[in-house]
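Observations on the model geometry
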Amino acid sequence: FSCSTTCVLATELVPLPAQSVDTGMGVERTACVLQGVASNYDTDGFRIIMDWIEQQASVGYHASDASRKAYRVLADHGRGVTFLIADGVTPSNEGRGYICRRLLRRAIQHGQRIGFEGVYRLPAVVIEQMGEAYPELKEHSAEIARVVRLEEERFRETLTRGQKEFDE
């Protein structure tokens, strides 16, 4: 393994001609290499969340490509939404709020595919895992849970109304 800013030759670091070239690896890809796993979702950064989802879902992670995708969407979007809400972004129809809403609603839809209900419970797992490093998560935990639960209830009502209209 080598990065694009230096080459590793035995124990000597030799500068490359093009300094500060981005490897494109990022923290999670680097974690994959260091932890010897094939996917970001198998690293310790996601493993706690993925294991928790598996305990709550009625379909296993490795059951199918669709279930793997659902788990990954839930873990990724659940983590993202938790941080967004902690930063004061709430689901809405504009700007960052729209992104928050779309992430949350997509997580809810994918959760349904694997028999996972109650996406509002997911931020607590994220906060438990990351709250020490990001104290703002713990500080805003009640608000995060409230916002996610409310948006999940609204979205489920919207889906129910839409299905009723579709059936008619």
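Here the structure is shown first, and the text comes after it.
Now for a description of the structure that goes with this document. Treat the numbers as computed from the prediction; the structure is a model and nothing was measured. (Residues numbered from 1 in each chain as written. Predicted model: local features only at pLDDT ≥ 70, side-chain atom pairs only at ≥ 80, totals over all residues. Heavy atoms only, no water.)

What the protein contains, in helices and strands, is seven helices and two strands. Mapped in sequence order, the helices and strands of the protein form the string β-β-α-α-α-α-α-α-α. Structurally, the protein occupies a C-alpha span of about 70 × 35 × 30 Å along its principal axes. Each of the 168 residues in the protein was classed as buried or not, and the buried ones make up 34%. Put simply, of all contacts in the protein between residues at least 6 apart along the chain, 55% involve residues at least 24 apart. Within the structure as shown, the protein displays about 10,100 Å² of accessible surface, and the carbon and sulfur contribution to it stands at 52%. Charge centroids of the protein, computed over 20 positive and 24 negative side chains, lie 5 Å from each other. (Helix = DSSP H or I, 4+ residues; strand = E, 2+ residues; numbered from the N terminus. Buried < 20%, exposed > 50% of the residue type's maximum accessible area, 1.4 Å probe, protein only. Contact = heavy atoms within 4.5 Å. Areas by Shrake-Rupley, 256 points an atom, 1.4 Å probe, with all protein chains shown as cover. Lys, Arg positive; Asp, Glu negative; His and termini not counted. Charge placed at Lys NZ, Arg CZ, Asp CG, Glu CD.)

In this fold, Glu151 is placed in helix H7 (residues 141–167). The class for Glu151 is buried, based on a relative accessible area of 2%. Polar side-chain contacts of Glu151 include one of 2.8 Å to the side chain of Arg101. In this structure Glu151 touches Pro91, Arg101, Leu104 and Arg105, once residues within four positions along its chain are discounted. (Polar contact = N/O pair within 3.5 Å; in protein donor to acceptor, adjacent residues only side chain to side chain.)

This is a description of form; function is not addressed.
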